[in-house]
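Geometric and topological summary
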Amino acid sequence: MKELVEVIAKALVDHPEEVKVTEEQSGKTLVVRLSVAKSDMGKVIGKQGRIAKSIRAVVKAAAMREDLKVLVDIDD
């Protein structure tokens, strides 16, 4: 999941070298934390959070194959 979030985020931002993705797993829950440059935060979140919702939907669909619950957290 980490690689998926990283690829999506790097495609959206102006400073892909500042994209950092970490993941923590406990049981069947995986928390993926995404951190980007301050100037790119709006590009990752989108108007009314639409892009963030889309990222979460894609990751959730990919997680269903592995029977995991994935939470995507966007850090500022």
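That block above? That's the structure.
These remarks concern the structure in this document. (Residues numbered from 1 in each chain as written. Predicted model: local features only at pLDDT ≥ 70, side-chain atom pairs only at ≥ 80, totals over all residues. Heavy atoms only, no water.)

Attention now goes to the environment of Val21. Along the chain, the position of Val21 falls in strand β1 (residues 20-26). Looking at Val21, the relative accessible area reads 7%, which means it is buried. Each C-alpha atom of the pair Val21 and Gly49 lies 19 Å from the other, and the pair is 28 residues apart in sequence. Not counting chain neighbours up to four residues away, the residues in contact with Val21 comprise Lys2, Val5, Glu6, Val32, Arg33 and Leu34. (Helix = DSSP H or I, 4+ residues; strand = E, 2+ residues; numbered from the N terminus. Buried < 20%, exposed > 50% of the residue type's maximum accessible area, 1.4 Å probe, protein only. Contact = heavy atoms within 4.5 Å.)

For the rest of this paragraph, the subject is the nonpolar core. Membership of the largest hydrophobic core comes to 19 residues, with the highest contact counts inside it found for Leu34 and Val70. Where this core is concerned, the elements lending two or more residues are α1 (2-12), β2 (29-35), α2 (41-45), α3 (50-65) and β3 (69-75). Of all the elements, α3 adds the most residues to this core, at 4 residues. Contacts of Val70, omitting those with residues within four sequence positions, involve Met1, Leu30, Val32, Val59 and Ala63. (Core = buried A, V, L, I, M, F, W, Y, C linked by side-chain atoms within 4.5 Å.)

Under the counting rule described, the total for this entry stands at 5 salt bridges. Among the salt bridges present, the one from Glu24 reaches Arg33, with a minimum N-O distance of 3.6 Å. Residue Glu24 is classed as partly exposed on the basis of its relative accessible area, which comes to 44%. Asp67 is paired through a salt bridge with Lys28; the nearest N and O atoms lie 2.6 Å apart. Of this pair, Asp67 sits in the loop between α3 and β3 while Lys28 sits in the loop between β1 and β2; the two residues are 39 residues apart in sequence, bridging distant segments of the chain. As far as the burial class goes, Asp67 and Lys28 line up, both exposed. (Salt bridge = Lys/Arg side-chain N within 4 Å of Asp/Glu carboxyl O.)

The 3 strands are arranged β1-β2-β3 in an open sheet whose pairing can be described as mixed. The two strands at the open ends of the sheet, each matched to only one other strand, are β1 and β3. Between one strand axis and the next, the sheet turns by 20° as a mean value, whatever way the strands run. Two elements, β1 and β2, share 7 bridges in a ladder whose sense is antiparallel. Across the sheet, Lys20 pairs through a bridge with Ser35, a residue of β2. The sheet strands contacting α1 are β1 and β2, and the helix crosses β1 at an angle near 155°. (Pairing = 2+ DSSP bridges. Axes fitted to C-alpha atoms, helices over the stretch in contact; angles between N-to-C directions.)

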